[in-house]
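# Notes for the structure review
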Amino acid sequence: MKVDQQKEGAIYAALSYMMWGVVPVYWKFLQGVGAIEILAQRVLWSFVFMLVLLMFMKKWQAFLDYVKNILGNPKLFTALLTASLLVTANWGVFIWAVNSGRILDTSLGYYINPLVSVLLGVIVLKEKLSGAQIISFLLAGIGVLILGIHFGTIPWISLVLAMTFGLYGLAKKMIKAESAIGLTLETMMVTPLALGYLIYLMNRSEMQFFTDGSTSLLLVGGGIATALPLLYFAKGAEKIPLSMLGIFQYIAPTLSLLIGVFVYHESFTKAHLLAFLFIWSALAVYTLSITKWGQASARRFKGKGNIGA
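Here, residues in each chain are numbered from 1, in the same order as that chain's written sequence. Two thresholds apply to this predicted model, a pLDDT of at least 70 for residue-level local features and 80 or more for giving and counting side-chain atom pairs, whereas whole-chain, interface and lining totals are computed over all residues. Working from all heavy atoms in the structure, the side-chain values ignore hydrogens and water.

- An unreviewed UniProt entry lists the chain under the name EamA family transporter RarD, from Peribacillus castrilensis.
- UniProt positions are given in the numbering used here, feature names are shortened, and annotations may be inferred rather than shown by experiment. A UniProt comment under Subcellular location (unreviewed entry) is attached to the chain, and it reads "Cell membrane".

Now the structure itself:
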């Protein structure tokens, strides 16, 4: 039974990361719409979709109870607001980058995100770095530096995406809400801002939502495209070990990289190749360090060191 559960969890996790990996194609269909309007529509329709989904999942009462809990807990409210603003910023930069022909930058950002999460754990939660993690940081740092030197500017899109998502994960540690309820709460917090911006566009007759039926459907569908992979991810995360989940997370940036290069013909220079090789090496070292084999090897090495001393 446990093996069957792990297989099911692996399928759900792989599907979620595959959907995240190909989502740039979806936003490319909306290139004629401004990035901020796409973001506002995404927030609004994600919230609407999640409200309907909660009713079907019979989690409406649990959602209302959590809302009451938040309103009576300023610390929890602040954490939720912070998480909401961070994930909204992450979505906005991602959409803008995709529709500006910078899919490779988004791929790089999500490759280095796991390392940023580890770094935040060290800085904020006072966690200790292992030797393998230090090596990973050095390799990834060299990769980012190569791009910075080659292009004369730091890859800010990649770093902003990695930092906002890393900080978002940190904020969510305090919220501890079930994934469907969590996403509903996060979108609820920023929906007033989204509505305000859409009303502003409507008053200026600049909103693209009503231009044609296909655009409207795509904007509404952005809510489903946002929520569905997250729900699949939650189902997968419940059934498989964290180390396996950590390996699956590289599916999304790999697919994005391939789409950027082979579908949208973004320039992949020798500097990109060299930088990505360093970052892939960093991820290989990091991923190995969090597997059972890697942890067992580290303990054996440490044990030998203690005997020699």
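### Considerations on unusual backbone geometry
- Phi at Lys58 takes a positive value of approximately 60°, unusual for a residue other than glycine.
- For the purposes of this entry, the term helix denotes a DSSP run of H or I that reaches at least four residues, the term strand denotes a run of E that reaches at least two, and both are numbered from the N terminus. Here Lys58 is to be found in the loop between α2 (35–56) and α3 (60–71).
- The class of Lys58 is exposed, set by a relative accessible area of 76%. Per-residue accessibility, obtained with a 1.4 Å probe over protein chains only, is compared with the maximum for each type, and a residue is labelled buried under 20%, exposed over 50%, and partly exposed between these values.

### Notes on the UniProt feature "domain: EamA" (unreviewed entry) in the chain
- Within this numbering scheme, the UniProt entry marks residues 9–147 as carrying the feature "domain: EamA" (unreviewed entry).
- Secondary structure within residues 9–147 divides into 86% helix and 0% strand; the distance between the first and last C-alpha atoms comes to 36 Å.

### Let's talk about the environment of Leu195
- Note that Leu195 resides in helix α8 (residues 179–203).
- Between the C-alpha atoms of Leu195 and Phe29, which are 166 residues apart in sequence, the distance is 22 Å.

### Some details on the nonpolar core
- Nonpolar cores were defined as sets of buried Ala, Val, Leu, Ile, Met, Phe, Trp, Tyr and Cys residues, with membership established by side-chain atoms within 4.5 Å. Formed by 51 residues in total, the largest nonpolar core has its most connected members in Trp27, Tyr66 and Leu185.
- Counting residues per element, the ones that place at least two in this core are α1 (2–28), α2, α3, α4 (74–99), α7 (156–175), α8 and α9 (213–239).
- If one sorts the elements of this core by residue count, α4 sits on top with 12 residues.
- Should any heavy atoms of two residues lie within 4.5 Å, those residues are considered in contact. Those residues in contact with Leu185, other than ones at most four positions away along the chain, are Phe63, Tyr66, Val67, Ile70, Leu80 and Ser84.
- Core analysis: the next-biggest nonpolar cluster, separate from the first, contains 22 residues, Leu108, Ile112, Val118 and Ala162 among them.

### Concerning helix α11 (residues 251–263)
- Helix span, as expected, comes to 1.5 Å for every residue beyond the first. The first and last C-alpha atoms of α11 sit 17 Å apart over 13 residues, in line with the 18 Å expected at 1.5 Å per residue.
- Turning to α11, its buried residues are Ala252, Pro253, Ser256, Leu257, Ile259, Gly260 and Val261.
- Two residues or fewer past α11, His265 is found with a positive phi of approximately 55°.

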